[in-house]
Amino acid sequence: MSNIDVKETVKDKFIEIYTSFIKRDGSAELLEYLDANGFFVAPASTKYHGNYKGGLCEHSLNVYYDLVDELRCLYGSHFDKRYSYETIAIVSLLHDVCKIDKYVEVEKNVKNPDTGVWETKKVFDYNKEQVRLGHGSSSIYTIQDFIKLTQEEKALFPILVTLFEITILVKL
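Anyway, here's the lowdown on the structure attached to this text. These numbers were taken from a predicted model, which means no experiment stands behind them. Each chain carries its own residue numbering, running from 1 in the written order of its sequence. pLDDT decides what is reported in this predicted model: residues at 70 or higher carry local features, side-chain atom pairs at 80 or more are listed and counted, and totals for whole chains, interfaces and linings draw on all residues regardless. Side-chain figures throughout are based on the complete set of non-hydrogen atoms in the structure, without hydrogens or water.

## What about the environment of Phe14?
Working definition: helices are DSSP H or I runs of at least four residues, strands are E runs of at least two. Numbering for both runs from the N terminus. Checked against the element boundaries, Phe14 lands in helix α1 (residues 10-21). Whether a residue is buried, partly exposed or exposed follows from its accessible area with a 1.4 Å probe, protein chains only, as a fraction of its type maximum: under 20%, in between, or over 50%, in that order. Judged by relative accessible area, Phe14 falls into the buried class, the value being 0%. If near-sequence neighbours (up to four positions away) are discounted, Phe14 is found in contact with Leu31, Leu34, Phe39, Phe40, Cys57, Ser60, Leu61, Leu93 and Leu94. Contacts: residue pairs with any heavy atoms within 4.5 Å of one another.

## As for the packing of aromatic side chains
When the centres of two rings from Phe, Tyr and Trp lie within 6.5 Å, Trp using its six-membered ring, the rings pair. Their planes under 30 degrees apart give stacked, over 60 give edge-to-face, and anything left gives tilted. If you walk through the whole model with that rule in mind, you get nine aromatic pairs. Here Phe14 and Tyr18 contribute two aromatic rings whose centre-to-centre distance is 6.1 Å and whose plane-to-plane angle is 20°, an arrangement assigned as stacked. With Phe14 and Tyr18 both in helix α1 and four residues apart, the pair spans about one turn of that helix. Each of the two residues, Phe14 as well as Tyr18, counts as buried. Each residue in the set Phe14, Tyr18, Phe39 and Phe40 is aromatic and connected to the rest through ring pairs, giving one cluster.

## A few points about the packing of α1 against helix α2 (residues 27-36)
Angles run from 0 to 180 degrees between N-to-C directions of axes, and those axes are lines fitted to C-alpha atoms, restricted for helices to the stretch in contact. Across the interface, α1 lies against α2 with an axial gap of 11 Å and an inter-helix angle of 165°. Relative to α2, the element α1 lies roughly antiparallel. The crossing of α1 and α2 is right-handed. Residues Lys11, Phe14, Ile15, Tyr18 and Thr19 of α1 pack against Ser27, Leu30, Leu31, Leu34 and Asp35 of α2. In this classification, Asp, Glu, Lys and Arg are treated as charged, Ala, Val, Leu, Ile, Met, Phe, Trp, Tyr, Cys and Pro as nonpolar, and every other residue, Gly included, as polar. Per-class residue counts for the contact of α1 with α2 are six nonpolar, two polar and two charged. Orientation is classified from the angle alone, with under 35 degrees giving roughly parallel, over 145 giving roughly antiparallel, 65 to 115 giving roughly perpendicular, and any other angle giving oblique. Each crossing gets its handedness from the near helix: less than a right angle anticlockwise from the far helix is left-handed, clockwise is right-handed.

## A few points about the nonpolar core
Side-chain atoms within 4.5 Å are what join buried Ala, Val, Leu, Ile, Met, Phe, Trp, Tyr and Cys residues into a set we call a nonpolar core. Ranked by size, the top nonpolar core spans 35 residues in total, and within it Phe14, Leu34, Leu93 and Leu94 carry the most contacts. Put simply, the parts of the chain that give this core at least two residues each are α1, α2, α3 (55-75), α4 (85-93), α5 (135-143) and α6 (151-171). The element that contributes the greatest number of residues to this core is α3, accounting for eight residues. Residues contacting Leu34, with those up to four places away along its chain left out, are Phe14, Phe39, Phe40, Leu94, Val97 and Ile100.

## A short note on the pattern of salt bridges
Pairs may arise between side chains of opposite charge once their charged atoms sit close together. In what follows, salt bridge is the name for a side-chain nitrogen of Lys or Arg lying within 4 Å of a carboxyl oxygen of Asp or Glu. Scanning the model with the defined rule gives seven salt bridges in all. Put simply, Glu86 and Arg24 hold a salt bridge, and the shortest N to O gap is 3.2 Å. Here Glu86, found in helix α4, pairs with Arg24, found in the loop between α1 and α2; they are 62 residues apart in sequence, far enough to count as distant. Under the relative-accessibility criterion, Arg24 is labelled buried at 17%. Look at the salt bridges and you will find they share partners, linking Arg24, Glu86 and Glu153 into a network.

Encoded structure:
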């Protein structure tokens, strides 16, 4: 079950949390960049979590909610004394910014599991024209074109990415 109220769109909820907590110089321009470059319609992966249009935004929101829940468990109701809401929003909502252009929609022949017949289907595949750094590093690189990150935030990106990749693998 998603943490997102069915009355709200995923994009609206993302923007609400983003604008409520991320106040740094350049944050409005970063949000414009996300919108103009397809963040809200991009998939989060080719085969796994969020492998559909809009999956990247929804995945990022779920990472935000999961991180808040985990911090609450670790530090109690005053977890924001350890990490600011701004830091939490930045490292969770923006951890996969590197995926904006990472995937393209292509047609592939896939075997229908019910009939055993090969069918042409639209799926997401890697954009071979995109050369990227490591997962967390690439997101940091893009984000820093707009806002300044703290040393702590830079350190949290690869940790967060690794933890959530492990969580996803465990759920498969």
